[in-house]
Amino acid sequence: MEAKGLAIIFHSGSFDRIYHGFSISLAALSLGKEVKLFFTYWALEYLRKERPVEFGVDGEKERHEEILKKNIEKGHMLKIHELIQQVKAMGGKFYACTHSMGILNIARNELIDEVDKSMGLTTWLIDTKEDQIIFI
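Just so it is clear, the structure is predicted and the values come from calculations on it, not from any experiment. (Residues numbered from 1 in each chain as written. Predicted model: local features only at pLDDT ≥ 70, side-chain atom pairs only at ≥ 80, totals over all residues. Heavy atoms only, no water.)

Draft legend 1. Representation of the packing of aromatic side chains. Per the stated rule, a full pass over the model turns up eight aromatic pairs. With centroids separated by 6.2 Å and ring planes inclined at 35 degrees, the aromatic side chains of Phe22 and Phe39 adopt a geometry described as tilted. With Phe22 in helix 1 (residues 15-30) and Phe39 in strand 2 (residues 34-39), the pair connects residues that are 17 residues apart, well separated along the chain. On the accessibility criterion, Phe39 (0% relative accessible area) is buried. (Phe/Tyr/Trp six-rings, centres within 6.5 Å; stacked < 30°, edge-to-face > 60°. Helix = DSSP H or I, 4+ residues; strand = E, 2+ residues; numbered from the N terminus. Buried < 20%, exposed > 50% of the residue type's maximum accessible area, 1.4 Å probe, protein only.)

Pasting the structure below:
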């Protein structure tokens, strides 16, 4: 059975992982796939109205962060909020994990307008049972 769409679980708050997940999302959307994005734990920070996190890189932080910031400043890479807008404009769906929201003390009204729903992982997995799932 071929997967109906693409479903991505964003767990890491690392900029490079978030960015790559959005790149995969945009590629899938451009191919006509339905895309559902589920944000949990540290990735939820990117969905806050007041985006305190624009950077945070796992591993060799200083070297990677410098490269990424230079490319964003030069216009070679989009900022995360620009990627969110592109994915949303192309029909991507955004979901926030209610369990993680509780742990991190994030209220629904603190999330950006692009978030379609907040729900638990079990409900999201039921909704995406026919989709290919990727964990980032």
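From this point, the narrative continues.
Draft legend 2. A look at unusual backbone geometry. Phi at Tyr41 is positive, roughly 40 degrees, even though this residue is not glycine. For Tyr41, the location among the structural elements is in the loop between strand 2 and helix 2 (61-73). On the basis of relative accessible area, Tyr41 is assigned to the partly exposed category, the value being 25%. For Asn105, which is not glycine, the phi dihedral falls at a positive 60 degrees. Residue Asn105 is classed as exposed on the basis of its relative accessible area, which comes to 64%.

From the geometry alone we can't say anything about function, so treat these as descriptive.
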